[in-house]
Amino acid sequence: MVSYTPNPARRATIAEILESHHIFTVQGDGDNKPSKYALLPTGERANMVFLIVTLKDVKVDERSATGTIYDKTGHMKIRSSSEYQAAAYDHIKRLSKNLPAHIAICGRINVYEPEKKEGEKSPDRFISIQPEGIAQVEREYRDLWNEDTLQETIRRAESWNMEALTEDQEKTREIYGPELKDTILQRVKEAYQGTGTA
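Owing to the predicted nature of the structure, the values given are computational and were not obtained by experimental measurement.

Visitor: Help me get a handle on the overall build of the protein, residues and values and all.
Guide: The helix and strand tally for the protein stands at five helices and nine strands. Its helices and strands in sequence order give the protein the pattern β-α-β-β-β-β-β-β-α-β-β-α-α-α, from N to C terminus. The buried share among the 198 residues of the protein stands at 40%. In the protein, the share of contacts with a sequence separation of at least 24, taken over all contacts with a separation of at least 6, comes to 68%. About 11800 Å² of surface is accessible on the protein, with carbon and sulfur atoms providing 45% of the total.

Okay, structure coming up:
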């Protein structure tokens, strides 16, 4: 019998997700399929992320639905295909009629690096979330997520033992540099321990 270890979705803020540009694949054991991960700057891999955010802008056509989500640290895009993420596509389409909306999202970090830049100010990469599941929630659940995600981010960032780094922490330091982790932690603390709203 092949053992299977599930990959729990990581709670992460938009500020951290927008810096999580390193995507890598881990081959599965036995009959298990390979798993794709994003490396979070606070030092852990994420197969999927879990957010409770505010959806404010949506564009829908026959092929895809794109929305802009906000938390206290910033904003970013979510994108779903009508063919490959039909349930998420339908849910975003329905939500577009009653915005803004507080939503819970479980999805994968998607990184797109265009071969040609459209201009000097065009970014080198575009990072979005590909939703696997979406649910509308009450604001109270978003407030609880805020506190849980603050504590989870602090735990990841402050768990580093420089004399015994984990594999993910070593890779994080190599790819993102030694300072990004602390920059993310500072931004998250300032956003969630202050009085800002999203």
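Visitor: Break down the pattern of salt bridges for me, citing the residues and quoting the values.
Guide: Close approach of charged atoms allows side chains of opposite charge to pair. What the rule picks out here adds up to eleven salt bridges. Ionic pairing is found between Glu-16 and Arg-156, a salt bridge with its closest N-O pair at 2.9 Å. Placement of the pair is Glu-16 in helix H1 (residues 14-17) and Arg-156 in helix H3 (residues 139-158), with a sequence separation of 140 residues. Classification of Arg-156 as buried rests on a relative accessible area of 1%. Taking the shortest distance from any N to any O, the salt bridge between Glu-158 and Lys-189 comes out at 3.4 Å. Residue Glu-158 is located in helix H3, and its partner Lys-189 is located in helix H5 (residues 180-192); the two are separated by 31 residues in the primary sequence. Among the charged side chains, a network of salt bridges with common partners joins Arg-10, Glu-16, Glu-44, Glu-152, Arg-155 and Arg-156.

Visitor: I'd like to hear about the packing of H3 against H5, residue by residue, with values.
Guide: One way to put it is that H3 packs onto H5 with a least axis distance of 10 Å and a crossing angle of 155 degrees. Judged by the angle between their axes, H3 and H5 are roughly antiparallel. Crossing of H3 against H5: the hand is left-handed. Counting all contacts with H3, which are made through Trp-145, Asn-146, Leu-150, Thr-153, Ile-154, Ala-157 and Glu-158, the residues of H5 involved are Lys-181, Leu-185, Val-188, Lys-189 and Tyr-192. Tallied by class, residues from the contact of H3 with H5 come to seven nonpolar, two polar and three charged.

Visitor: Help me get a handle on H5, residues and values and all.
Guide: The terminal C-alpha atoms of H5 lie 18 Å apart, and with 13 residues this matches the ideal 18 Å at 1.5 Å per residue to within 8%. Among the residues of H5, those classed as buried are Leu-180, Lys-181, Ile-184, Leu-185, Val-188, Ala-191 and Tyr-192. Each buried residue of H5 sits inside an arc of 135 degrees when the element is viewed along its axis, so together they form one side. Next to the buried residues of H5 lie H1, strand E6 (64-71), H3 and helix H4 (167-176).

Visitor: Can you lay out the side chain of Thr-13 for me, pointing to particular residues and giving the numbers?
Guide: Checked against the element boundaries, Thr-13 lands in the loop between strand E1 (10-11) and H1. Setting aside its immediate chain neighbours within four residues, Thr-13 contacts Asp-71, Thr-73, Trp-145, Thr-149, Thr-153, Val-188 and Tyr-192.

Visitor: Report on the sheet that holds strand E2 (residues 23-26), specifying residues and quantitative values.
Guide: Ordered by their spatial adjacency, three strands build an open sheet running E2-E3-E4, and the pairing between neighbours is antiparallel. Two strands in the sheet have a free side with no partner beyond their single neighbour: E2 and strand E4 (45-46). Where E2 lies against strand E3 (residues 35-39), four bridges are found, and the strand directions are antiparallel. Residue pairing in the sheet places Val-26 in a bridge with Ser-35 of E3. Packed onto the sheet, H4 meets E2, E3 and E4 and runs at close to 60 degrees relative to E3.

Scoring rules and cut-offs
- Residues numbered from 1 in each chain as written.
- Predicted model: local features only at pLDDT ≥ 70, side-chain atom pairs only at ≥ 80, totals over all residues.
- Heavy atoms only, no water.
- Helix = DSSP H or I, 4+ residues; strand = E, 2+ residues; numbered from the N terminus.
- Buried < 20%, exposed > 50% of the residue type's maximum accessible area, 1.4 Å probe, protein only.
- Contact = heavy atoms within 4.5 Å.
- Areas by Shrake-Rupley, 256 points an atom, 1.4 Å probe, with all protein chains shown as cover.
- Salt bridge = Lys/Arg side-chain N within 4 Å of Asp/Glu carboxyl O.
- Axes fitted to C-alpha atoms, helices over the stretch in contact; angles between N-to-C directions.
- Parallel < 35°, antiparallel > 145°, perpendicular 65-115°, else oblique.
- Left-handed = near helix turned anticlockwise from the far one by under 90°.
- Nonpolar A, V, L, I, M, F, W, Y, C, P; charged D, E, K, R; others polar.
- Expected span 1.5 Å × (residues − 1).
- Arc of directions from axis to C-beta.
- Pairing = 2+ DSSP bridges.

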